[in-house]
Amino acid sequence: MAQDRQYVTFGIEQDVFGISVDHVKEILDPAPVSRVPQAPRHLLGLMDVRGASIPILDLKVRFGLGATQTTSKTRVIILENWAGDGATIGIMVDCVFEVTDLGGLDLQPPPTIGRGWRSDCVTGVGRRDDTFVIVLNLERLIDTGIDVLTREVA
């Protein structure tokens, strides 16, 4: 039997996504961000996290769903070493649910639906009770155009 892996699950609109707990440093309430000139639309800006300037991405914008409307459930997930190079970044999501186990045998490869849909940012699809959990590939999901910012973070 494959070993269970733990994932932080979060919501964007009605969908449930998961990212490995290995990359999650902390989960925060949203705070003011400073815009970065000529940044991609999904890069909200820089947020101060205990003196460090952390780039914050809006995953809803990244998925082409419009900007996240901040509510009492909105959270920023701070990710560390997401690309294997020590970089730190934050992602804004509609809500965070829980840390859950998804067995390795329960993860299915991303579906293939013709040539018009790219699933390279999806590692696999798991199930938690009656809900699908889409496990994200952070390295492919996060635009490499912000590498300069992520490497400057102290």
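All figures in this text were calculated on a predicted structure; none of them were measured in a lab. (Residues numbered from 1 in each chain as written. Predicted model: local features only at pLDDT ≥ 70, side-chain atom pairs only at ≥ 80, totals over all residues. Heavy atoms only, no water.)

With respect to the packing of aromatic side chains
What describes a pair of aromatic rings is the distance from one ring centre to the other and the angle between the planes of the rings.
Inference 1: Under the counting rule described, the total for this entry stands at two aromatic pairs.
Inference 2: A ring pair is formed by F10 and F17, whose centres lie 5.9 Å apart and whose planes are at 25 degrees; its orientation type is stacked. With respect to class, F10 is no different from F17; both count as buried.
Inference 3: Pairing F17 with F63 gives two aromatic rings, centres 5.2 Å apart and planes at 35 degrees, and the pair type is tilted. Of this pair, F17 sits in strand β2 (residues 15-20) while F63 sits in the loop between α1 (59-62) and β7 (75-80), and the two are 46 residues apart along the sequence.
Inference 4: Following the ring pairs from residue to residue traces out a cluster consisting of F10, F17 and F63. (Phe/Tyr/Trp six-rings, centres within 6.5 Å; stacked < 30°, edge-to-face > 60°. Buried < 20%, exposed > 50% of the residue type's maximum accessible area, 1.4 Å probe, protein only. Helix = DSSP H or I, 4+ residues; strand = E, 2+ residues; numbered from the N terminus.)

With respect to the pairing of strand β6 (residues 52-58)
For a regular strand, side-chain orientation follows a simple rule: the groups alternate between the two sheet faces.
Inference 1: Judged by how many residues are buried, β6 sits mostly within the fold: six of seven residues are covered.
Inference 2: With six bridges connecting them, strand β5 (residues 43-49) and β6 associate as antiparallel partners. Note on β6: the bridge partner recorded for D48 is S53.
Inference 3: Here β5 folds back onto β6 in antiparallel fashion, the turn holding two residues, of which R50 has a positive phi close to 50 degrees.
Inference 4: As paired elements, β6 and strand β8 (residues 88-93) share three bridges and run parallel to each other. Across the sheet, the residue bridging to I56 is G90, located in β8. (Pairing = 2+ DSSP bridges.)

Focus on unusual backbone geometry
Inference 1: Unlike most non-glycine residues, E13 shows phi in positive territory, near 55 degrees.
Inference 2: Structurally, the position occupied by E13 is in the loop between β1 (4-12) and β2.
Inference 3: With a phi close to 50 degrees, R50 is a non-glycine residue in the positive phi region.
Inference 4: Topologically, R50 is positioned in the loop between β5 and β6.
Inference 5: Given a relative accessible area of 65%, R50 falls into the exposed group.

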